[in-house]
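Analysis of the macromolecular model
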Number of protein chains: 2
Amino acid sequence: MRIGELAERTGVSIRSLRYYEEQGLLKPARGANGYRDFSAEDVNRVARIQLLYSAGLRSSCISEVLGCVSGDGSEPYAEPAPDLVAELTTVRERIVRQMGELGDSLVVLDRILGAAHGPAGVGRS
Amino acid sequence: MRIGELAERTGVSIRSLRYYEEQGLLKPARGANGYRDFSAEDVNRVARIQLLYSAGLRSSCISEVLGCVSGDGSEPYAEPAPDLVAELTTVRERIVRQMGELGDSLVVLDRILGAAHGPAGVGRS
DNA sequence: ATAAAGCCTCACACCGACGTGAGGGTCAAG
DNA sequence: CTTGACCCTCACGTCGGTGTGAGGCTTTAT
């Protein structure tokens, strides 16, 4: 599939997809015309990339992580390098902490929002 | 208290504190010498600012939120403007979504980390 | 008095993911 | 053949929070 289609399917901009390739996160084949040729698996791969980005990992790190995840990513892994393990452990801790902070922020926001329309309970999501 | 002390107490850089003032998040008094003079409450205020930053709010939004929180922020609020309520609601949804994504990312990371040192359980934080 | 430390105001640098536009090929439809 | 849609590669712009350095005050300690 070509880049436009992948963009449409994933909801990610064309620019971003090119950027992902530039960062080594995607390695599409190339047609004789120079066009990128993405596989069907790349749809999932892009989803995982986005997920990890949203977790605050930078692309260099995502690249290593994805190197440990095979094709559809549903189950298997290769051996993670020891350095990577250390880094990911740090990242893991950061994520846990960040989730806590987000929870706290939510409390703050809900206080404000609660004040907005009186003492009645805020619509729970 | 002067900026250096506040920086030390909050763990936030001097540069950032000046930036917060520039964004209207802090309004320190000024001594005759031009030095900023922060109040004791500002320590809490800075903590809240950091919290909201980590939740992904930009300073313009934080400024409005803090406008609804009185002194020590422990309980009360002023009336939030209706526009602000709408924005915060959006932000709230984003945060909830983001927490979900972080949780998913955690699962991905734990899979990798689980593969790192064999089938034994991962050290639970 | 003199040095050291803390403060001040610009104002430019940086990072990371992405927008955007220029300039130019490729390809299917009319 | 031409139009229009899609693709390509640079390469610079943006945004937000922060680092950093210049140039110059005030205050504190010796």
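Throughout this description, residue numbers start from 1 for each chain and increase along the sequence as written. Here chains are named by letter from A upward and ligands by number from 1 upward, in the order in which they appear as written. This being a predicted model, a pLDDT of at least 70 is required before a residue's local features are given, and a value of 80 or more before pairs of side-chain atoms are given or counted; all residues contribute to the totals for chains, interfaces and linings. Values shown for side chains rest on all heavy atoms present in the structure; no hydrogens or waters enter the calculation.

1. Thoughts on the packing of aromatic side chains
- Whether two aromatic rings pair depends on their centres lying within 6.5 Å, for rings of Phe, Tyr and Trp, where Trp uses its six-membered ring; planes under 30 degrees apart make the pair stacked, over 60 edge-to-face, and the rest tilted. Evaluated as defined, the whole model comprises four aromatic pairs over all chains.
- Three or more aromatic residues joined by ring pairs make a cluster, and in this case those are Tyr19(A), Tyr20(A) and Tyr53(A).

2. A look at the protein's contact with DNA strand D
- Any residue with at least one heavy atom within 4 Å of a molecule or strand is counted as near it. Within the structure, DNA strand D sits among 20 residues, and Gly4(A), Arg36(A), Ser13(B), Tyr19(B) and Tyr53(B) are positioned closest to it.
- For DNA strand D, the fraction of protein-proximal atoms (within 4 Å) that sit in sugar or phosphate groups is 71%.
- Side-chain atoms alone can form a polar contact between residues adjacent in sequence; in general such a contact is a pair of N or O atoms within 3.5 Å, and within protein one must be able to donate a hydrogen while the other accepts it. In this structure, Tyr35(A) approaches DNA strand D through a side-chain N or O atom, which is 3.5 Å from a base oxygen.
- The set of elements that each furnish at least two residues to the surface near DNA strand D consists of helix H1 (3-10) and helix H2 (14-22) of chain A together with helix H2 (14-22) of chain B.
- Each residue is assigned to one class: nonpolar for Ala, Val, Leu, Ile, Met, Phe, Trp, Tyr, Cys and Pro, charged for Asp, Glu, Lys and Arg, and polar for all the others, Gly among them. Looking at the surface near DNA strand D residue by residue, the class counts come to seven nonpolar, six polar and seven charged. Runs of E in the DSSP output that reach at least two residues are strands. Runs of H or I that reach at least four are helices, and both are numbered from the N terminus.

3. Structural notes on the domain arrangement of chain A
All names here are of chain A.
- Residue ranges assigned to the domains are those given by an automatic or database domain assignment. Taken domain by domain, chain A consists of domain 1 (1-75) and domain 2 (81-125).
- Contact with domain 1, which involves eight residues of that partner, is made by seven residues of domain 2.
- A 1.4 Å probe defines the accessible area here, and the buried area is the portion of it lost by two parts on being joined, summed over both. Counting the surface lost from both domain 1 and domain 2, the interface buries some 530 Å², and carbon and sulfur atoms represent 63% of this.
- Among the residues of domain 1 in contact with domain 2, Ala55, Cys61 and Glu64 are the three that bury the most area, contributing 54% of the side total.
- The term salt bridge refers to a side-chain nitrogen of Lys or Arg lying within 4 Å of a carboxyl oxygen of Asp or Glu. Summed over the shared surface of domain 1 and domain 2, the result is zero salt bridges.
- Counting the contacts that link domain 1 with domain 2 gives one residue pair in polar contact (both at pLDDT 80 or more).
- Of the residues in the side of domain 1 that touches domain 2, the class split is five nonpolar, one polar and two charged. Working rule for contacts: check all heavy atoms of both residues, and any pair within 4.5 Å makes them a contact.

4. Examining the protein's contact with DNA strand C
- By nearness alone, 20 residues border DNA strand C, and Ser13(A), Tyr19(A), Gly4(B), Tyr35(B) and Arg36(B) come closest of all.
- Backbone atoms, meaning sugar and phosphate, form 67% of the atoms of DNA strand C found within 4 Å of the protein.
- Note that a base nitrogen of DNA strand C is positioned 2.8 Å from one of the side-chain N or O atoms of Tyr35(A).
- Of all the secondary structure elements, the ones that give two or more residues to the surface near DNA strand C are H2 of chain A together with helix H1 (3-10) and H2 of chain B.

5. Looking at the side chain of Ser59(A)
All names here are of chain A.
- For Ser59, the position within the fold is in helix H4 (residues 59-67).
- In this structure the side chain of Ser59 is engaged in a polar contact, spanning 3.2 Å, whose partner is the side chain of Gln23.
- Each residue touching Ser59, except ones within four places of it in the same chain, is listed here: Tyr19, Gln23, Leu25 and Tyr53.

6. Topic: the packing of H1(B) against H2(B)
Residues and elements named next belong to chain B.
- Where H1 meets H2, the closest approach of the two axes is 9 Å, and the angle between their N-to-C directions is 105°. Classed by the angle they form, the pair H1 and H2 counts as roughly perpendicular. Residues Ile3, Gly4, Leu6 and Ala7 of H1 form the contact with H2, whose participating residues are Ile14, Leu17 and Arg18.
- For the contact of H1 with H2, the per-class residue count stands at five nonpolar, one polar and one charged. What counts as an axis is a line fitted to C-alpha atoms, over the stretch in contact for a helix, and the angles between N-to-C directions run from 0 to 180 degrees. Between 65 and 115 degrees an angle is taken as roughly perpendicular, under 35 as roughly parallel, over 145 as roughly antiparallel, and anywhere else as oblique.

7. Comments concerning the pattern of salt bridges
- This structure, assessed with the given rule, holds 10 salt bridges over all chains.
- One network of salt bridges, in which partners are shared, links Glu21(A), Arg30(A) and Arg36(A).

8. Description of the nonpolar core
- Among the nonpolar cores identified, the biggest contains 60 residues, and Leu17(A), Leu57(A), Leu88(A), Leu17(B), Leu57(B) and Leu88(B) are the most heavily contacted of them.
- In this structure, Leu88(A) is in contact with Cys61(A), Val65(A), Leu109(B), Ile112(B) and Leu113(B), ignoring residues within four places of it in sequence. Take the buried Ala, Val, Leu, Ile, Met, Phe, Trp, Tyr and Cys residues and link them wherever side-chain atoms come within 4.5 Å; each set so joined is a nonpolar core. Here's how the labels work: a residue is buried when its accessible area is under 20% of the maximum for its type, exposed when over 50%, partly exposed in between, all with a 1.4 Å probe on protein chains only.

9. Here we look at the packing of helix H3 (residues 41-54) of chain B against helix H4 (residues 59-67) of chain B
Residues and elements named next belong to chain B.
- The interhelical angle for the contact between H3 and H4, taken along N-to-C directions, is 135°, at an axis separation of 10 Å. Considering their axes alone, H3 and H4 lie oblique with respect to each other. Both H3 and H4 take part in a crossing whose hand is right-handed. Contact residues: H3 offers Arg45, Arg48, Ile49, Leu52 and Tyr53, while H4 offers Ser59, Ile62, Val65 and Leu66.
- Grouping the amino acids of the contact of H3 with H4 by side-chain chemistry returns six nonpolar, one polar and two charged. Put simply, a crossing is left-handed when the front helix is turned counterclockwise from the back one by less than a right angle, and right-handed when it is turned clockwise.

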